[in-house]
Amino acid sequence: MNMKIDPWSALNIDDYSKLFEEFGILPFDQLLPEITGPHRYMRRKIIFGHRGYDLITDAMNNGKPFSVMSGFMPSGKIHLGHKMVMEEIIWHQQQGGDAFVGIADREAHSVRGMSWEKCRDIGINEYLISLIALGFEPHGHIYFQSDSEQVKDLAFELGSKANFSELSAIYGFTGETSVSHMLSAVTQSADILHPQLEAYGGPKPVVIPVGADQDPHIRLTRGLGHKMNMFKIEGRENKDGRHYFSIRSKAAPEGALKKLAERISGRTKLFEGHVDVFDLDDFGKLQKIVREVELEFGGYAFVPPSSTYHRFMSGLQGGKMSSSVPESYISLTEDPKGAANKVRKAKTGGRITLEEQKKLGGEPDKCSVYELLLFNLVEDDGELAQIYNECVSGQKVCGNCKALAAERMEKFLKEHQELREVAKDRLDEYGL
Ligand code: SF4
């Protein structure tokens, strides 16, 4: 038998990679050598792509400031999919990132029609208590969109740079879409950009861990951030074929371009509306000066946000997880024994008969039990590789595997729920 040896091959990441090729998403595994102690999602190609994550590795490796940010819409039960994002936030916080978590109550209110009280209740009791129980530290920032004047003000400003056609192309808005719904879309962009406001230390790389379907939103926000900046830096070539940079602004206050020309060392030429820079040797330094002058003259200066893309877990019965089908997912707040039962009933990649299983081996890439082990229940790569190899070589039977996954799931939920009880008493440390 031709035994596969890559236990991560179950992920079918090629499908995702192809999906994003045209949008310039880069494979994440190329950055792995730069990362000390990568998270299991990184090692196992569950995080398969990124945009601009090299800024984050540079910051992590050189002690520079960076942030991590994500939000949760308080609309239902917290499940393993939310846990993924939370783990990614906490991992970046442990690597020195200033961490931000927003509860998207404006979105839940405008899109789902939920009352503010219900949003707050679900936001705290489902999501934030688990976030704290999973290890989020109090020096990070937790907020509700409706409470944050900074986010609301920035959303309004961003709204002046976004138009209806752009938003409808991304979110499918129609003539029936409410204005509040549209505002909640730019509020999400404000969530992503606000860690770069002066109140939080100014411009810096910010990583947004998202699911594979969220890239349009990241692209919108990168574009809006770019449009908000006072200056645009463009690479150009003159008629002699010589390369130079042109820093342009239509709206810079008087004196801002002059100040810029003075601060840039080397050869600069000041024109009406732009400064040209020749023989530049350090682009990073140029960007830094440009941002400092933008801030000095009261403008915005955003570094385009970075992102990582993870693939989704499938439903326990195969297909997609669905919040309307409780058997398809496991919630972090459900009864641990009931959850273990769901695992025992989950779809596997086993063959119809034991004989076939021994002869052909199982199919872990079609197995939701293997997925639970891969994403959540086995930290040790060696142990996972052994399960994988024993499955594909026909040495393993699904019953044993299910028993292992069910036992670990029950244990994890029991412990997590105990930690949630501790977290409930610590809410004031987080300003909640
Ligand atoms: Fe899945 Fe385990 Fe069965 Fe393989 S042996 S198909 S990993 S349950």
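All values reported here derive from a predicted model rather than from experimental measurement. (Residues numbered from 1 in each chain as written. Predicted model: local features only at pLDDT ≥ 70, side-chain atom pairs only at ≥ 80, totals over all residues. Heavy atoms only, no water.)

Caption draft 1: Structural detail: the site of the ligand. In the vicinity of the ligand, the residues found are Thr 348, Gly 349, Gly 350, Gln 357, Cys 367, Tyr 370, Cys 391, Cys 398 and Cys 401. Classifying every residue of the shell around the ligand gives five nonpolar, four polar and no charged. (Near = heavy atom within 4 Å. Nonpolar A, V, L, I, M, F, W, Y, C, P; charged D, E, K, R; others polar.)

Caption draft 2: Layout of the sheet that holds strand 10 (residues 274-278). Taken together, the four strands give an open sheet; going across it, the order is 7-8-10-9, and neighbouring strands pair in antiparallel fashion. The open sheet has two free edges, formed respectively by strand 7 (232-237) and strand 9 (267-271), since each of these has just one partner strand. The average angle at which neighbouring strand axes cross in this sheet is 25 degrees, direction not considered. Bridging between strand 9 and strand 10 involves five bridges; their strand directions are antiparallel. Following the sheet pairing, Thr 268 is matched in strand 10 by Val 277. (Pairing = 2+ DSSP bridges. Helix = DSSP H or I, 4+ residues; strand = E, 2+ residues; numbered from the N terminus. Axes fitted to C-alpha atoms, helices over the stretch in contact; angles between N-to-C directions.)

Caption draft 3: Structural context of the pattern of salt bridges. Within this structure, the stated rule accounts for 32 salt bridges. Among the salt bridges present, the one from Lys 152 reaches Glu 149, with a minimum N-O distance of 3.6 Å. You can see Lys 152 and its partner Glu 149 sitting in helix 7 (residues 149-159), three residues apart, about one turn around the helix. Arg 242 is the partner of Asp 279 in a salt bridge, and the nearest nitrogen-oxygen pair spans 3.2 Å. Of this pair, Asp 279 sits in the loop between strand 10 and helix 12 (283-296) while Arg 242 sits in the loop between strand 7 and strand 8 (243-248), and the two are 37 residues apart along the sequence. In this structure Arg 242 comes out as partly exposed when scored by relative accessible area, which is 32%. Overlapping salt bridges, with partners in common, bring together Arg 40, Arg 43, Arg 44, Lys 83, Glu 87, Glu 379 and Asp 381 in one network. (Salt bridge = Lys/Arg side-chain N within 4 Å of Asp/Glu carboxyl O. Buried < 20%, exposed > 50% of the residue type's maximum accessible area, 1.4 Å probe, protein only.)

Caption draft 4: Layout of helix 7. Among the residues of helix 7, Val 151, Leu 154, Ala 155 and Leu 158 are the ones counted as buried. Within helix 7, the buried residues cover an arc of 110 degrees as seen down the axis, which keeps them to one side. Projecting away from the buried face of helix 7 at angles above 90 degrees are the exposed residues Glu 149 and Phe 156. Buried residues along helix 7 sit against strand 5 (141-144), helix 9 (179-193) and helix 10 (215-228). (Arc of directions from axis to C-beta. Contact = heavy atoms within 4.5 Å.)

Caption draft 5: Seen up close, the environment of Gly 362. Here Gly 362 is to be found in the loop between helix 14 (354-360) and helix 15 (368-377). Gly 362 gets classed as buried once you look at its relative accessible area, which sits at 7%. Distance from Gly 362 to Gln 395, taken between C-alpha atoms, is 9.1 Å for residues 33 residues apart in sequence. Leaving out residues up to four positions away in the same chain, Gly 362 has contacts with Gly 349, Gln 357, Cys 391 and Val 392.

Caption draft 6: Looking closely at the sheet that holds strand 2 (residues 47-51). Spatial ordering of the open sheet is given by 1-2-11-6-3-4-5, a layout of seven strands whose pairing is mixed. On the outer flanks of this sheet lie strand 1 (26-27) and strand 5, each paired with one strand and no other. Relative to strand 5, strand 4 (residues 98-103) runs parallel, the two sharing four bridges. If you follow Phe 100 over to strand 5, its bridge partner there is His 141.

Caption draft 7: Focus on the domain arrangement of the protein. What the domain assignment lists for the protein is domain 1 (9-229 + 302-310), domain 2 (232-296) and domain 3 (326-430). Its C-alpha centre places domain 1 at a distance of 27 Å from the equivalent point of domain 3. The interface is formed by 27 residues belonging to domain 1 together with 30 residues belonging to domain 3. Both faces combined, the contact of domain 1 with domain 3 buries some 2500 Å², and carbon together with sulfur accounts for 61% of it. Our count for the domain 1 to domain 3 interface comes out at four salt bridges. Asp 381 is the salt-bridge partner of Arg 44, the closest N and O atoms lying 2.8 Å from each other. Linking domain 1 with domain 3 are 18 residue pairs in polar contact (both at pLDDT 80 or more). Of the residues forming the side of domain 1 that touches domain 3, the biggest block, seven residues, is contributed by helix 6 (residues 116-133). Residues of the side of domain 1 that touches domain 3, tallied by class, amount to 15 nonpolar, four polar and eight charged. (Domains from an automatic or database assignment. Buried area = accessible area lost by both parts, 1.4 Å probe. Polar contact = N/O pair within 3.5 Å; in protein donor to acceptor, adjacent residues only side chain to side chain.)

Caption draft 8: Local environment of helix 3 (residues 54-62). Considered for burial, the residues of helix 3 that qualify are Ile 56, Thr 57, Ala 59 and Met 60. Across the axial projection of helix 3, the buried residues extend over an arc of 160 degrees, all falling on one side. Where the residues of helix 3 are buried, they touch strand 3 (67-72), helix 4 (80-94), strand 6 (206-211) and strand 11 (306-310). The positive-phi residue at the C-terminal boundary of helix 3 is Gly 63, with phi of around 65 degrees.

Caption draft 9: Quick look at the packing of aromatic side chains. If you walk through the whole model with that rule in mind, you get nine aromatic pairs. The interplanar angle of 90 degrees and the centroid separation of 5.0 Å between the aromatic rings of Phe 100 and Tyr 200 together place this pair among those described as edge-to-face. Residue Phe 100 is located in strand 4, and its partner Tyr 200 is located in the loop between helix 9 and strand 6; the two are separated by 100 residues in the primary sequence. Relative to Phe 173, the ring of Tyr 171 has its centre 5.3 Å away and its plane inclined at 20 degrees; by these criteria the two rings are stacked. With relative accessibility at 7%, the residue Phe 173 sits in the buried group. Over the aromatic face of Phe 412 sits the side chain of Lys 83, whose NZ or CZ is 5.0 Å from the ring centroid. (Phe/Tyr/Trp six-rings, centres within 6.5 Å; stacked < 30°, edge-to-face > 60°. Lys NZ or Arg CZ within 6 Å of the ring centre and 35° of its normal.)

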